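# Coordinate analysis (summary)
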There are 2 protein chains.
Amino acid sequence: MAAIWKTQALKAQSILRESIPKQWIVPVDKLPPPTQLNVTDFPRKSGMLSERELAITGMSATALVAAMGEGKLSAEEVVVAFLKQAVIGHQLLNFATEFMAEKAISRAKELDQYFEKTGKLIGPLHGVPISVKEHIGIKGLTLNGGYATWVDDIAMEDALLLQCLAKAGAVFHVRTNQPQSLMEHLCCSNNLTGTTLNPFNRTLTPGGSSGGEGASMGFKCAPLGIGTDIGGSIRCPAAFCGAYGFRPTARRNPSSGLKLPEPGHESILGVIGPLASQSVEDLDLFQRAALAQEPWDIETSLVPAPWRRVSPTKDMTVAIMWDDGCVRPYPPVARALLYAQEKLLAAGIKVVDWEPYKHAHGWEIISSLYFPDAASSQRALIAETGEPILPLTEWAFQYSRSVPLTVAENWELNFQRDVYRDEYHALMKSRGVDFILCPAYVGAAAVLGESHYWNYTAIWNILDQPAVVFPSGLIVDPTLDSVRDSEYQPRSAIDEREWKKYTPERYAGAPIGLQLVGKHFRDEETLAAAKLVSAVVLGRTEGAKL
Amino acid sequence: MAAIWKTQALKAQSILRESIPKQWIVPVDKLPPPTQLNVTDFPRKSGMLSERELAITGMSATALVAAMGEGKLSAEEVVVAFLKQAVIGHQLLNFATEFMAEKAISRAKELDQYFEKTGKLIGPLHGVPISVKEHIGIKGLTLNGGYATWVDDIAMEDALLLQCLAKAGAVFHVRTNQPQSLMEHLCCSNNLTGTTLNPFNRTLTPGGSSGGEGASMGFKCAPLGIGTDIGGSIRCPAAFCGAYGFRPTARRNPSSGLKLPEPGHESILGVIGPLASQSVEDLDLFQRAALAQEPWDIETSLVPAPWRRVSPTKDMTVAIMWDDGCVRPYPPVARALLYAQEKLLAAGIKVVDWEPYKHAHGWEIISSLYFPDAASSQRALIAETGEPILPLTEWAFQYSRSVPLTVAENWELNFQRDVYRDEYHALMKSRGVDFILCPAYVGAAAVLGESHYWNYTAIWNILDQPAVVFPSGLIVDPTLDSVRDSEYQPRSAIDEREWKKYTPERYAGAPIGLQLVGKHFRDEETLAAAKLVSAVVLGRTEGAKL
């Protein structure tokens, strides 16, 4: 059997290798040594990108579109700049599964011709390069979802979300890596194209399951990316890689055309959503452009809710959840929350504390619902080629109950889920809280292979609340983030397990992300608030202007 | 064991008997003989209601509210008139499970005081009596859902929809009967309070599962009623009883507080919705009043979609589905469709034919999903008291597969459901069809115990499309509705089974209802179109005015 998965892996590696634009590859002897942890400065040092190109890869999607609309940039030079950045990023981080350079450049040229002819942009994402997590189908290309057995599967058409974004002018230039078992694995390692690294510290994971997207954003291989999230899979990569990520309420963004082991499993709905390298504003741009195409008129499971324009306002109450009551966040995260609190108070925003409500209960429900069939469908897919089960895949599987749920047991959990959701929503209302500011993870990031505790993100999946991750602007600093005696008093075996991993040196240089959570279906309000909160915390002028 | 269910049944009967307002009971010797089929004229003949009261029970909710707003009617006299009608109706049809006369009158008096003091109505349903299917919880009252084992269960609070309607001014005066096994049983018989009859022909069923509501509407015991529908349970009773009924898209109306055997079963979502005795306009009034309370801010599974005001327009295409390709409708239904076609064409509305799309496939999916646990949860409830399983309950159960679905099999059916839904929606768009006019049932009604074929309604449940039932104004007429040789050529065993039941004499006098179906989530447009279509078909001036 072993031969089968290895043959499949070689195919996936060949697809990747053949797709890399050779002209932009940096010779191996010019690359930073493997011992260099932070590689984010290498694009400049490599000499592969011009100053103009370096400026482009530092721009937000919003700024790029504006510049293209003024004729200051061409779509072609934009996509070429990001392709160069992506090729270098891939050499350092192994984040891609397939480049689509020729098609992307050809599409950019069409857009340039359109602009030349009409003087207009084709849509709100005109010429914006977007990286795409591999299991989101692209017509004619492999669609393996991280499983060796699926390497020969070819997508019959583009995923519906990609169709919507393409109509708005987006250009897809690179497909990105994901872990074996996909959505429930907050790391990024599989048996096909290997392990993706964190650009800020290559001993760390970029997070998962949209880990290739995390690396893509952190290394600025695209201003926008697309991930999927059923327990934190957009938000952890965004947080671990100093980027922005948005988990919308379920049934807003179209998910037709995704490769998943369990179509029809709807007790916990995964969502598809954006990551951004530069700003919350870009997340909003993405959502607005996608939903303007009215995908609900094709994918009828969606809620027919047009994307509303909502302006940020300081007239809100932000509650800070310092701790979920189960696992205490590491010192860097606590420091970032304290820092954010000070900034928000100084900006005149009402800030209160949030006492968590039954997060262990929420975890009990969602962890039982991730694999209601005791992961037998996933195990069967893995067995088909005999590929090894990776440790974090097995870790995720062990959260499921040991035997498959009966449908009646599944219903009981669905019911408990709905009750919990209603209770949490009522609690936010009765406490007068509009948004919850909280950690995105126990720490700033996880060491490769160590992302074990997901419930700072997964809790918002079971509650189906929209959540935005943004960088605090701070990084892990061993001089500031050592453990004081008073902090380490484990409350449980899980708490102890997590704290035993911690010394600040292991996470040095990792950006510290934070998470802002809104009420169910208040997606627009949540992004508007996150614009303001992130600007205030980062000390950007956008915040001051308001 | 037998003793247990009998004791429970006696309790339910006692609750009912004690609740009947004795002063309005017609002496048994004054009642029409059991052999009299159509009893709709008896309120007038009984002498129990004044002319003014008879006028009130002939008014729509919309007209009643207007009259109360002008001070021409009091809420108290309105509810008393409908209570009188309901007591008589119950004597003839056995449609109630519990009267709430005192509370209703007391509430009506409060409303009258409010109006006297302020000169204003309290809300859009000020003083409107509404009958309520029993399994919709009312605080402090029994909540048995048609099961003997639940007779001692007491609701802790009013169902959320009732709370919304009460805020709008509604008055709940009578609770209505339902069959054993509830939602999947298009008849109305249980072991507690027995069998409900059809007011137009007492050898016929009023339909089910909201059969008590069908009788309530047909006999005009209330201008509005509340039913639930997972396969036709609002629409069949409305059609069988010459009334109006609306199945909204799922997740629009709040269902918290319903008693159901399988909370958390969400592969096929039942919906709660209105029936009306007088007009489509009243269905719209009900929806508008209920959703104005924003129930989605409490029940978070709902879609946060306010009820939109949509005006009827003749600029639409109505496609007539003459036959679902599985079971040919009986002659009266075919005649009513032809009649409607002529009226619509004469009114200048574009009418085309609708070729059904895989209705047998749709039935295969939904019938497998009704009881994914092979009805074991229902059978267990029934076994708890040893109550007999009624024939149509067993009939419904046998649609389920013989062994419980695994969760993986359940997912596969969910996935097929979504694909079918998307395909059907795309087909309506590609054919340029806005609404489908079709039968609500094989015949105008079913003989007691004979409602076996549900797919003229259930198909719109699996497709989750909004559907309105309204009377054609025609009734079954043996002189017009005999079977011609050319009509009876059974296509299948099921078709043969249904046709073997038919002779027009068995259904004489039954009103013939029709069903208008809109696109997923186009609830408001569907009701607006049904206003116009029903007015045109009934030859009412509302149609002519447009």
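Predicted, not measured: the structure shown is a model, and the values here were computed from it.

The rules behind these values
- Residues numbered from 1 in each chain as written.
- Chains lettered and ligands numbered in written order.
- Predicted model: local features only at pLDDT ≥ 70, side-chain atom pairs only at ≥ 80, totals over all residues.
- Heavy atoms only, no water.
- Helix = DSSP H or I, 4+ residues; strand = E, 2+ residues; numbered from the N terminus.
- Rg over C-alpha atoms; globule rule 2.2 N^0.38 Å.
- Buried < 20%, exposed > 50% of the residue type's maximum accessible area, 1.4 Å probe, protein only.
- Contact = heavy atoms within 4.5 Å.
- Lys, Arg positive; Asp, Glu negative; His and termini not counted.
- Charge placed at Lys NZ, Arg CZ, Asp CG, Glu CD.
- Salt bridge = Lys/Arg side-chain N within 4 Å of Asp/Glu carboxyl O.
- Least-squares fit on C-alpha atoms with pLDDT ≥ 70 in both.
- UniProt positions renumbered as here; feature names shortened; annotations may be inferred.
- Polar contact = N/O pair within 3.5 Å; in protein donor to acceptor, adjacent residues only side chain to side chain.
- Pairing = 2+ DSSP bridges.
- Axes fitted to C-alpha atoms, helices over the stretch in contact; angles between N-to-C directions.
- Phe/Tyr/Trp six-rings, centres within 6.5 Å; stacked < 30°, edge-to-face > 60°.
- Disulfide = S-S within 2.5 Å.

The subject of this paragraph is the overall build of chain A. Helix and strand counts for chain A stand at 19 helices and 13 strands. Whereas a compact globule of 546 residues would reach a radius of gyration of roughly 24 Å, chain A reaches 22 Å, a difference of no more than 12%. When its C-alpha atoms are laid out on the principal axes, chain A stretches across 60 × 60 × 50 Å. Considering chain A as a whole, with its 546 residues, one finds that 64% of them fall into the buried category. Partitioning the intrachain contacts of chain A with sequence separation of at least 6 by distance along the chain shows that 80% fall at a separation of at least 24. The positive charge centre, built from 52 side chains, and the negative charge centre, built from 60, are 3 Å apart in chain A.

Let us look at the pattern of salt bridges. A complete count under the given rule lists 62 salt bridges over all chains for this structure. With a closest N to O distance of 3.6 Å, R522 of chain B and D297 of chain A form a salt bridge. Here R522 of chain B, found in the loop between β13 (511-517) and α18 (523-538), pairs with D297 of chain A, found in the loop between α10 (280-291) and β9 (317-320), and the two come from separate chains. For R522 of chain B, a relative accessible area of 30% translates into the label partly exposed. The salt bridge partner of E524 of chain B is R308 of chain B, with a shortest N-O separation of 2.8 Å. A residue pair is termed long-range when its members are at least 10 positions apart, and E524 of chain B in helix α18 and R308 of chain B in the loop between α10 (280-291) and β9 (317-320) qualify at 216 residues.

A few words on the relation of the copies chain A and chain B. Mapping between the two copies of the chain is achieved by a rotation about an axis and a shift along the axis. Taken as rigid bodies, chain A and chain B are interconverted by a rotation of 180° and an axial shift of 0.0 Å, the fit giving an RMSD of 0.0 Å. Such a combination of turn and shift is consistent with a two-fold rotation axis. Of the C-alpha atoms belonging to chain A, the one lying closest to the rotation axis is found on V407 of chain A, 2.9 Å away. Interface overlap between copies is the fraction of interface residues in one copy that are interface residues in the other; for chain A against chain B it reaches 100%, indicating a shared surface.

Residues and elements named next belong to chain A. Residues annotated by UniProt as "active site" (unreviewed entry) correspond here to K133, S209 and S233. In terms of the greatest pairwise C-alpha distance, the residues named above, spread along 101 residues, form a tight cluster of at most 10.9 Å across. By secondary structure assignment, the location of K133 is in strand β2 (residues 129-133). What makes K133 buried here is its relative accessible area of 0%. Turning to its location among the elements, S209 is positioned in the loop between β5 (194-195) and α8 (211-218). A relative accessible area of 0% means that S209 is categorised as buried. Of the polar contacts made by the side chain of S209, one reaches the side chain of K133; its length is 2.6 Å.

Quick look at the sheet that holds strand β7 (residues 244-247) of chain B now. Residues and elements named next belong to chain B. Pairing in this open sheet of 11 strands is mixed, and the strands run β1-β3-β2-β6-β8-β7-β12-β13-β11-β9-β10 from one edge to the other. The open sheet is flanked by β1 (96-99) and β10 (350-353), the only strands paired with a single partner. Between one strand axis and the next, the sheet turns by 30° as a mean value, whatever way the strands run. Strand direction decides the pairing type here: β7 and strand β12 (residues 467-475), joined by three bridges, are antiparallel. Within the sheet, the bridge partner assigned to F246 lies in β12 and is V468. Packing against the sheet, helix α16 (residues 455-462) makes contact with β6 (224-229), β7, β11 (435-439) and β13, and its axis sits at approximately 20° to β13.

Residue and element names in this part refer to chain A. According to the stated counting rule, one finds 44 aromatic pairs over all chains in the structure shown. A ring pair is formed by W354 and Y424, whose centres lie 5.8 Å apart and whose planes are at 35°; its orientation type is tilted. On the criterion of sequence distance, the pair formed by W354 in the loop between β10 (350-353) and α12 (359-370) and Y424 in helix α15 (residues 407-430) is long-range, its members being 70 residues apart. By the burial criterion, W354 is buried, and Y424 matches it. Pairing Y502 with Y507 gives two aromatic rings, centres 5.7 Å apart and planes at 15°, and the pair type is stacked. Within the aromatic cluster, the residues linked to one another by ring pairs are Y330, Y488, W499, Y502 and Y507.

Moving on: the state of the cysteines. With the rule as written, the count across this model stands at zero disulfides over all chains. In this model C241 of chain A remains outside any disulfide bridge; the closest cysteine sulfur is found in C188 of chain A, 9.4 Å from its own. Sulfur of C236 of chain B: no disulfide; nearest cysteine sulfur belongs to C241 of chain B and is 10 Å away.

Residue and element names in this part refer to chain A. For strand β8 (residues 271-276), the tally of buried residues reaches six of six residues, placing the bulk of the element in the interior. The sheet contact formed by strand β6 (residues 224-229) and β8 spans six bridges and is antiparallel. Its bridge partner lying in β8, G225 is registered against L275. As paired elements, strand β7 (residues 244-247) and β8 share two bridges and run antiparallel to each other. Within β8, the position partnered with G245 by the bridge is L275.

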